[in-house]
Amino acid sequence: MTAVAEAPAKVGEVPSFEVTLKVLRYLPDESGSPTVAHWDEFRVQAHGTDRVLDALHQVKWQQDGSLTFRRSCAHGVCGSDAMRINGRNRLACKTLLKDLDISKPITVEPIKGLPVIKDLVVDMEPFFASYREIMPFLITTGNEPTKERLQSATQRERFDDTTKCILCAACTSSCPVFWTDGQYFGPAAIVNAHRFIFDSRDEGGAQRLEILNDKEGVWRCRTTFNCTEACPRGIEVTKAIQEVKRAMITRAF
Amino acid sequence: MTLVADPKAPRPPRGGPGRRTTRGNTELYGWIFMRASGVLLLVLIFGHLFVNLVAGDGVKAIDFGFVAGKWASPFWQVWDLLMLWLAMIHGTNGVRTIINDYAERDGTRLVLKGLLYLAFAVVVILGTLVIFTFDPCPAGSPADLLPSFCTA
Ligand code: HEM
Ligand code: SF4
Ligand code: FES
């Protein structure tokens with residue numbers, strides 16, 4: 001790290017340093033012929049409060065406008081900017097540069113297992129297809145109540161963890177089983193099924209369990225905990241998967 | 001390629017090449033079997049290792065007579081048969097999982113699984129035959145190599 005020597009530093013001043021971003025670039029050929037991805041390095045002047053996303057912005061806005069990535073909220077809410085930073089899936093907007101090893105280039109790659117469209121942008125459609133398949137909406141029978149569907153605090157607590165998902169795909173694209181052929185439903189779909197299966201107001205639990213009791217469903221999970229480690233929302237993803245497995249076993253016997 | 005998500009929900013069961021619905025309890029039973037057989041194998045394997053290598057004269061006692069003596073008893077026949085079958089089904093199912101997790105092409109999967117199931121069949125059939133057709137007192141063998149209960 002090359003700290004900029006502007007001694008004496010003023011009290012409360014944010015330290016500033018230079019970092020190298022090593023970004024995996026991919027640009028498909030106009031003619032559709034295959035292109036090879038390659039690494040580009042960028043030097044960026046950053047502050048202690050800057051995140052990887054800020055560094056990517058600097059590159060895009062001041063050095064190379066062709067660098068392509070998704071971001072929307074820039075505050076860890078929308079789930080647009082999951083990427084592989086130093087080999088781990090994180091949100092660029094929630095990863096402070098100062099928390100990484102800035103003495104070495106910081107590698108930034110697209111998340112794995114989904115088709116890359118350009119640079120850090122992947123085709124999320126297979127991911128959302130699995131999400132849609134588990135029916136991520138309230139399923140009820142009978143007449144609509146005239147007031148809210150009441151639920152006790154304990155009943156709400158049962159699935160609180162899995163309500164926090166922002167569908168960033170960090171978990172699914174960190175899973176080695178998903179990498180192989182992309183057929184596995186993936187942790188995110190199971191997390192979002194869990195959110196309804198364990199909701200006392202929902203009546204579609206059995207259907208969702210049936211959907212996930214698939215050759216490509218929960219039983220492909222090998223409990224590697226990559227998903228739990230990747231989740232930027234701190235959801236205990238592997239635990240949620242195990243709870244869905246247990247619900248299936250109790251249903252089967 | 002459509003880059004914009006098609007907002008229809010629920011999505012019908014995945015169609016298209018190579019993606020049929022594959023629901024059912026098969027993988028569920030497989031998952032439970034791995035754990036149940038694992039627990040049993042723990043007892044069977046360590047029991048086997050203890051009796052063969054530690055108990056009595058330990059490893060020095062193992063010879064034809066020792067093995068023949070064990071297989072003359074229905075208890076050890078059942079023990080070894082159970083160990084053989086459970087370990088083979090457990091191990092084969094485990095390797096099947098690994099092939100599913102690592103082999104990317106359908107052709108590779110087919111070949112690897114074919115070899116796996118062939119190996120399974122050979123070992124299980126041969127092993128089972130050995131356990132049940134084993135002759136502890138082959139005629140014309142020197143008596144000092146045979147178990148004590150062999151006469152003449
Ligand atoms: C000593 C007692 C044993 C126990 C407690 C045990 C337990 C287990 C369990 C629970 C799994 C499932 C892992 C998962 O679903 O992720 C497993 C997988 C496996 N077992 Fe065993 N096992 C034992 C013995 C054996 C033996 C004797 C063999 C070889 C014949 C074997 C071969 C395998 C293989 C190849 C896998 C797949 C690896 C994987 O899924 O990660 N195991 N074992
Ligand atoms: S569970 Fe976590 S890592 Fe997975 S999609 Fe939801 S927020 Fe992202
Ligand atoms: S940009 Fe919205 S989560 Fe990072």
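Scroll up for the structure.
What counts and what doesn't
Residues numbered from 1 in each chain as written. Chains lettered and ligands numbered in written order. Predicted model: local features only at pLDDT ≥ 70, side-chain atom pairs only at ≥ 80, totals over all residues. Heavy atoms only, no water. Helix = DSSP H or I, 4+ residues; strand = E, 2+ residues; numbered from the N terminus. Buried < 20%, exposed > 50% of the residue type's maximum accessible area, 1.4 Å probe, protein only. Areas by Shrake-Rupley, 256 points an atom, 1.4 Å probe, with all protein chains shown as cover. Near = heavy atom within 4 Å. Polar contact = N/O pair within 3.5 Å; in protein donor to acceptor, adjacent residues only side chain to side chain. Pairing = 2+ DSSP bridges. Axes fitted to C-alpha atoms, helices over the stretch in contact; angles between N-to-C directions. Contact = heavy atoms within 4.5 Å. Donors = N, O, S within 2.8 Å, 3.2 Å for Na, K, Ca; no water. Nonpolar A, V, L, I, M, F, W, Y, C, P; charged D, E, K, R; others polar.

## Focus: the overall build of chain B
Moving on, step 1. Per the secondary structure count, chain B includes four helices and zero strands.
Moving on, step 2. The N-to-C order of helical and strand elements in chain B reads α-α-α-α.
Moving on, step 3. Here chain B holds 152 residues, and the buried ones make up 30% of them.
Moving on, step 4. Total accessible area on chain B stands at roughly 10000 Å², and carbon and sulfur atoms take up 71% of it.

## Some words on the site of ligand 1
Moving on, step 1. With respect to spatial proximity, 13 residues lie near ligand 1, and among them Arg222(A), Arg35(B), Gly38(B), His90(B) and Gly94(B) are the closest.
Moving on, step 2. Near ligand 1, the surrounding residues belong to chains A and B.
Moving on, step 3. Within the side chain of Arg222(A), an N or O atom sits 2.7 Å from an oxygen atom of ligand 1.
Moving on, step 4. Side-chain polar atom of Arg35(B) to an oxygen atom of ligand 1: 3.0 Å apart, as the coordinates give it.
Moving on, step 5. Every element with two or more residues in the shell around ligand 1 is listed here: α1 (26–54) and α3 (74–102) of chain B.

## A closer look at the sheet that holds strand β4 (residues 88–91) of chain A
All names here are of chain A.
Moving on, step 1. Pairing within the open sheet is mixed, and its five strands lie in the order β2-β1-β5-β3-β4. For this open sheet the edge positions go to β2 (38–47) and β4, each flanked by a neighbour on one side alone. Taken pair by pair, the neighbouring strands of this sheet meet at an average axis angle of 35°, ignoring direction.
Moving on, step 2. Direction of pairing for strand β1 (residues 16–25) relative to β2: antiparallel, over a ladder of ten bridges. Along β2, the bridge assignment pairs Glu18 with Gln45.
Moving on, step 3. The strands touched by helix α1 (residues 52–63) are β1, β2, β3 (82–85) and β5 (106–109); relative to β2, the strand with the most contacts, the crossing angle is about 105°.

## Some thoughts on helix α5 (residues 187–197) of chain A
All names here are of chain A.
Moving on, step 1. Among the eleven residues that make up α5, eleven are buried, leaving the element largely enclosed by the rest of the structure.
Moving on, step 2. Buried within α5 are the following residues: Pro187, Ala188, Ala189, Ile190, Val191, Asn192, Ala193, His194, Arg195, Phe196 and Ile197.
Moving on, step 3. Those residues of α5 hidden inside the fold are in contact with α2 (125–133), α6 (205–212), α7 (226–230) and α8 (237–252).

## Quick word on the coordination of the iron atom of ligand 1
Moving on, step 1. In this structure the iron atom of ligand 1 is ligated by exactly one protein donor, His90(B) (NE2), at 1.9 Å.
Moving on, step 2. Structurally, the position occupied by His90(B) is in helix α3.

## Digging into the pairing of β5(A)
All names here are of chain A.
Moving on, step 1. Judged by which residues are buried, β5 turns out to be covered on both faces: Ile106 and Val108 on one side and Thr107 and Glu109 on the other are all buried.
Moving on, step 2. Bridging between β1 and β5 involves three bridges; their strand directions are parallel. Across the sheet, Lys22 pairs through a bridge with Thr107, a residue of β5.
Moving on, step 3. As defined by bridge partners, β3 adjoins β5 across two bridges and the pair is classed as antiparallel.

## A closer look at the site of ligand 2
Moving on, step 1. Every residue near ligand 2 is listed here: Cys165(A), Ile166(A), Leu167(A), Cys168(A), Ala169(A), Ala170(A), Cys171(A), Ala188(A), Cys231(A), Pro232(A), Arg233(A) and Ile235(A).
Moving on, step 2. When grouped by side-chain class, the residues that make up the shell around ligand 2 number eleven nonpolar, no polar and one charged.

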